[in-house]
Amino acid sequence: MYQELLEKLKSLNSVLKESRLNDDFLKVICVQLSDILTSNVYLFNDKGTIVSYSTNKKYYCKFNDNALKAYSIPESYLNLAKKTKNPIINIYTENPLCTCPGVEKCIYKNRYTSIIPIYYNYKKIAAILLIKYDSSFSQEDQIICEHAFAIISLEMIKNEIIEIKKDALNMASAQIAANTLSYTEAKVAKEIFNKIENNEAIINANEISNELFVTRSIISNALNKMESAGVIITKSLGVKGTYIKILNPHISEELDKINN
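Residues numbered from 1 in each chain as written. Predicted model: local features only at pLDDT ≥ 70, side-chain atom pairs only at ≥ 80, totals over all residues. Heavy atoms only, no water.

Examined against the element boundaries, Arg111 turns out to sit in strand E4 (residues 111–120). It is Asp134 that comes nearest to the buried, bridge-free Arg111 among opposite-charge side chains, at 11 Å. Within the local environment of Arg111, its side chain forms a polar contact with the backbone oxygen of Leu97, the two atoms lying 3.2 Å apart. In this structure Arg111 touches Tyr77, Ile91, Tyr92, Thr93, Pro96, Leu97, Cys98, Thr99, Cys106, Ile131, Lys132 and Tyr133, once residues within four positions along its chain are discounted. (Helix = DSSP H or I, 4+ residues; strand = E, 2+ residues; numbered from the N terminus. Buried < 20%, exposed > 50% of the residue type's maximum accessible area, 1.4 Å probe, protein only. Lys, Arg positive; Asp, Glu negative; His and termini not counted. Salt bridge = Lys/Arg side-chain N within 4 Å of Asp/Glu carboxyl O. Polar contact = N/O pair within 3.5 Å; in protein donor to acceptor, adjacent residues only side chain to side chain. Contact = heavy atoms within 4.5 Å.)

Shown next as structure tokens:
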């Protein structure tokens, strides 16, 4: 038993060697964990968005495959993850209902469910959902889960830190971009952003010039400065106008500060 457990842990640890070589490390470890435990593995954040997952071939279900395209965890599992502070192991359901929309009964019986929450800075940021059928998660499985939990937690914390740093850099970049604009250019930029939906739009410089009583050169200067700062990209479409895409959403907040 111990030798088999050791071999499974070694197999899981081998994923760590791939972490610098694979862009989707969390996917790799979910696949590995799914194979070792013979279970479905779903990693989701505190909003219910599935970050990564792996479904075991033994439990293939076309309904589940279709539902996963939305990358959203069923609400019942999300609520359970929100309520629990500690791992929940082996929730047993003999004749489970299907969690996929529009389907009443699960095609499998004897479902065993486990949920392991993930914390960062005392805040629950994610959870791992494990599902298998016909056999429960053994003590050996739980040891492997604890080990996998530690690896996944470290990776998610690393990703969280990267996102925090990225957001801080974007905020600083937006501040610099906004500060390079004159008061009139900032007013023009704000009017342009008011016309943008879903971070992109086609604007007409003549219309904005007439609305704000400014020259086209001021509009051009404002766009050039923001594009040079990397907060937007633009493309001339000739008589159709100018295509604009926002790369850094913090620029809108900084423009509001200037004009208020």
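This part is about the environment of Leu130. Its location among the elements puts Leu130 in strand E5 (residues 123–133). Taking the C-alpha atoms as reference, Leu130 lies 8.4 Å from Ile116; in sequence the two are 14 residues apart. Sequence-distant contacts of Leu130, defined by excluding residues within four places in its chain, comprise Leu33, Leu37, Ser39, Asn40, Val41, Tyr112, Thr113, Ser114, Ile116, Phe137 and Cys145.

Contact geometry for helix H6 (residues 183–194) and helix H8 (residues 216–228): axes closest at 9 Å, N-to-C directions at 80°. Taken together, the axis directions place H6 and H8 in an arrangement best described as roughly perpendicular. Between H6 and H8, the residues in contact are Thr184, Glu185, Val188, Ala189, Ile192 and Phe193 and Ile218, Ile219, Asn221, Ala222, Leu223, Lys225 and Met226, respectively. Residues that form the contact of H6 with H8 fall into these classes: nine nonpolar, two polar and two charged. (Axes fitted to C-alpha atoms, helices over the stretch in contact; angles between N-to-C directions. Parallel < 35°, antiparallel > 145°, perpendicular 65-115°, else oblique. Nonpolar A, V, L, I, M, F, W, Y, C, P; charged D, E, K, R; others polar.)

Further remarks concern a negative patch on the surface. A cluster of acidic residues, Asp46, Glu160, Glu163, Asp167 and Glu253, forms a negative patch at the surface. When residues in the negative patch are grouped by element, the largest group, three residues, is from helix H5 (residues 139–179). The residue Glu160 is located in helix H5 in this model. Note on Glu160: relative accessible area 32%, which makes it partly exposed. (Patch = residues over 30% accessible without salt bridge, like charges linked within 9 Å, V, L, I, M, F, W, Y side chains within 5 Å. Areas by Shrake-Rupley, 256 points an atom, 1.4 Å probe, with all protein chains shown as cover. Charge placed at Lys NZ, Arg CZ, Asp CG, Glu CD.)

A few words now on the packing of aromatic side chains. Overall, the coordinates contain six aromatic pairs when judged by the stated rule. For the ring pair Tyr53 and Tyr71, a centre distance of 5.9 Å and an interplane angle of 65° mean the geometry is edge-to-face. With a gap of 18 residues between them, Tyr53 in strand E2 (residues 50–54) and Tyr71 in the loop between helix H3 (62–67) and helix H4 (75–83) connect regions that are remote in the sequence. According to the relative accessible area criterion, Tyr53 is buried, its value standing at 19%. Its relative accessible area of 41% is what places Tyr71 among the partly exposed residues. (Phe/Tyr/Trp six-rings, centres within 6.5 Å; stacked < 30°, edge-to-face > 60°.)

The next subject is the pattern of salt bridges. Throughout the structure, instances matching the rule amount to seven salt bridges. Note that Glu155 is salt-bridged to Lys158, the shortest N-O span being 3.3 Å. Here the residue Glu155 and the residue Lys158 both occupy positions in helix H5, the gap between them amounting to three residues, near one helical turn. Ionic pairing is found between Glu211 and Lys195, a salt bridge with its closest N-O pair at 3.5 Å.

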